[in-house]
Amino acid sequence: MDHIAEKLQPILRTIEHRNAGEVEFHQAAREVLESLGRVIERHPQYSDEALIERICEPERQIIFRVPWIDDKNQVQINRGFRVQFNSALGPYKGGLRFHPSVNVGIIKFLGFEQTFKNALTGMPIGGGKGGSDFDPKGKSDREVMRFCQSFMIELHRHIGEYVDVPAGDIGVGAREIGFMFGMFKRLNNRYEAGVLTGKALSYGGSRARKEATGFGTVYFVQSMLERRNTGFDGKRCVVSGSGNVAIYAMEKIMAFGGKVIACSDSGGYIVDEAGIDLDLVKQIKETRRGRIAEYVDLKGGAARFVKGGSIWDVPCEIALPCATQNELGAAAAKTLIENGVIAVAEGANMPCMPQAVQIFQAAGVLFAPGKAANAGGVATSALEMQQNASRDSWSFDKTEKKLAEIMYGIHEICHETAEEYGAPDNYVLGANIAGFVRVAEAMDAMGII
Ligand code: GLU
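**What about the site of the ligand?**
Move 1: In the neighbourhood of the ligand, 14 residues make up the surrounding shell, with Lys93, Lys117, Gly168, Asp169 and Ser381 lying closest.
Move 2: In the environment of the ligand, an oxygen atom lies 3.1 Å from a nitrogen or oxygen atom belonging to the side chain of glutamine 114.
Move 3: Computed on the free molecule, the ligand has an accessible area of 290 Å², of which 95% lies beneath the protein chains in the complex.
Move 4: Residue classes in the shell around the ligand are distributed as two nonpolar, seven polar and five charged.

Here it is, written out as structure tokens:
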């Protein structure tokens, strides 16, 4: 990993000062700035025109109150966010996260990453992110509905097919998108299908959207492995999380002949040496919204549950962190390497801490950053926007084929850019530079905006 070029250091200092205490945003910005020294050497106009400074400052940040009434008739207050980061390439695009850890710094880091991720897809989408500190865990369907409706009563004035197109993220799936779409439609008296993505198939959703992030991550890993003349066949894989990303990453690994032996949730992890029974995980997580610990009682056999602890202690050749930010640190990276890991790809956004990334790269482990490896979700959201705009609905196969092409394309551009800038195999550098250059070129063409 590079150090931040001297010329770029004041930019990081300004970010830290202006966004005091927002440590995840500082972390995400530092990682990108570390890659950009080599770019401004070749393209001095980017620093003359303060392009990096402009890209690091969100275009707009919205923070709002979300009052709602719980099942006990008590008034509850949450905070809502939408950070509209960059619209050089298209309308702001990015998910909504509902989780108690959400604050403006988390949303800003996610919006910043999203900007480059979306650029890498090659689709006409800018970057944004939003959400709330609302905790969906333990809430009834009606409570979730009332919260989503109240959230949209404020958000609706800031979004639109040509303005800003939210989707899901942690804590926001098809159920929440449905509640929000219903309220948006009432408030605007307008059937604007393309205002949200991740919709159910019954009213304009895209086939393969639910599967896209996990599938896409595995396609990316497949491309990396191919370059080392190998594949998933027979390899031991560990996938953290058991949400939307993890479940469909596991499904595609299995389809490619890999063996998934562990997954997790915030309570702990399960290990099943016979191979994870994915139907059972889906039943627990998708149908019943239950806990992963239940797997062991239902499955029996040699499956075991480890409360708390680190899933990265489980020996594997391929590790996919698909839970949340900063879930894999230096100690875990060392353990994975000792146990023979050959590839690590981020299904979640920024799950590996900077030291962990450094350790993987120094050891020659193939490492795919989230802004490249998990871009399949938002890319398929852009395909959903295409279908909505043309009032069309594509087959699963057609959509998945497009997703696979996009992922192979992202792998290609990251790989080629890394080589071009003298750091072959460094997908972090390749992704940061390729994403940045696409946004910077568009902004450059539009004058000082
Ligand atoms: N939340 C997802 C991400 O991190 C998807 C965003 C979208 O589909 O707009 O990329």
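Right, picking up where we left off after that structure.
**Considering helix α6 (residues 141–155)**
Move 1: Given a rise of 1.5 Å per residue, 15 residues ought to cover 21 Å, and the 21 Å separating the end C-alpha atoms of α6 matches this to within 8%.
Move 2: Taken together, the buried positions of α6 are occupied by Glu143, Val144, Phe147, Cys148, Ser150, Phe151, Met152 and Leu155.
Move 3: Buried residues along α6 sit in contact with β1 (60–69), β2 (75–86), β3 (92–98), β4 (127–132), β5 (164–167) and α7 (174–188).

**Things to note about helix α1 (residues 9–18)**
Move 1: Considered for burial, the residues of α1 that qualify are Ile11, Leu12 and Ile15. The buried residues of α1 occupy one face: seen down the axis, they fall within an arc of 95°. Across from the buried face of α1, at angles greater than 90 degrees, the exposed residues are Arg13 and His17.
Move 2: Lining the buried residues of α1 we find α2 (23–42) and α4 (51–56).

**Regarding a negative patch on the surface**
Move 1: A contiguous patch of negative charge, built from Asp48, Glu49, Glu441 and Asp444, is present on the exposed surface.
Move 2: With respect to the element layout, aspartate 444 can be found in helix α17 (residues 427–445).
Move 3: Taking the relative accessible area as the measure of exposure, aspartate 444 reaches 30% and is therefore partly exposed.

**Describing the packing of helix α9 (residues 244–255) against helix α10 (residues 278–287)**
Move 1: Two elements in contact, α9 and α10, have axes separated by 11 Å at closest approach and are oriented at 170°. Between α9 and α10, the angle is such that the two are roughly antiparallel. On α10, the residues that touch Ile247, Tyr248, Met250, Glu251 and Met254 of α9 are Leu278, Val281, Lys282, Lys285 and Glu286.
Move 2: Of the residues that constitute the contact of α9 with α10, the class distribution is six nonpolar, no polar and four charged.

**A word on a nonpolar patch on the surface**
Move 1: Taken together, Ile69, Val75 and Ile77 make up a surface patch of nonpolar side chains, about 280 Å² in accessible area.
Move 2: Looking at the secondary structure, you find valine 75 in strand β2.

**Quick word on the environment of threonine 213**
Move 1: Position of threonine 213 among the secondary structure elements: in helix α8 (residues 209–227).
Move 2: Overall, threonine 213 belongs to the buried group, its relative accessible area being 11%.
Move 3: Counting along the chain gives 161 residues from threonine 213 to asparagine 374, while the straight-line C-alpha distance between them is 5.5 Å.
Move 4: Discounting residues that sit within four places of it in the chain, threonine 213 has contacts with Val245, Gly347, Asn374, Gly376 and Gly377.

**Quick notes on unusual backbone geometry**
It is generally the case that most residues other than glycine have a negative phi and that most peptide bonds are trans.
Move 1: In this model, asparagine 229 sits at a positive phi of 55°, which is unusual for a non-glycine residue.
Move 2: Residue position: asparagine 229 is located in the loop between α8 and β6 (236–240).
Move 3: According to the relative accessible area criterion, asparagine 229 is exposed, its value standing at 73%.
Move 4: Phi is positive for arginine 289, which is not a glycine, with a value near 50°.
Move 5: Along the chain, the position of arginine 289 falls in the loop between α10 and α11 (294–299).

**Examining the sheet that holds strand β7 (residues 259–265)**
Move 1: On the basis of which strands lie adjacent, the open sheet formed by seven strands has the order β9-β8-β7-β6-β10-β11-β12 and mixed pairing. Only two strands of the sheet have a single neighbouring strand rather than two, namely β9 (304–307) and β12 (366–368). When the angles between neighbouring strand axes are averaged without regard to direction, this sheet yields 15°.

Rules behind the numbers
Residues numbered from 1 in each chain as written. Predicted model: local features only at pLDDT ≥ 70, side-chain atom pairs only at ≥ 80, totals over all residues. Heavy atoms only, no water. Near = heavy atom within 4 Å. Polar contact = N/O pair within 3.5 Å; in protein donor to acceptor, adjacent residues only side chain to side chain. Areas by Shrake-Rupley, 256 points an atom, 1.4 Å probe, with all protein chains shown as cover. Nonpolar A, V, L, I, M, F, W, Y, C, P; charged D, E, K, R; others polar. Helix = DSSP H or I, 4+ residues; strand = E, 2+ residues; numbered from the N terminus. Expected span 1.5 Å × (residues − 1). Buried < 20%, exposed > 50% of the residue type's maximum accessible area, 1.4 Å probe, protein only. Contact = heavy atoms within 4.5 Å. Arc of directions from axis to C-beta. Patch = residues over 30% accessible without salt bridge, like charges linked within 9 Å, V, L, I, M, F, W, Y side chains within 5 Å. Salt bridge = Lys/Arg side-chain N within 4 Å of Asp/Glu carboxyl O. Lys, Arg positive; Asp, Glu negative; His and termini not counted. Charge placed at Lys NZ, Arg CZ, Asp CG, Glu CD. Axes fitted to C-alpha atoms, helices over the stretch in contact; angles between N-to-C directions. Parallel < 35°, antiparallel > 145°, perpendicular 65-115°, else oblique. Pairing = 2+ DSSP bridges.

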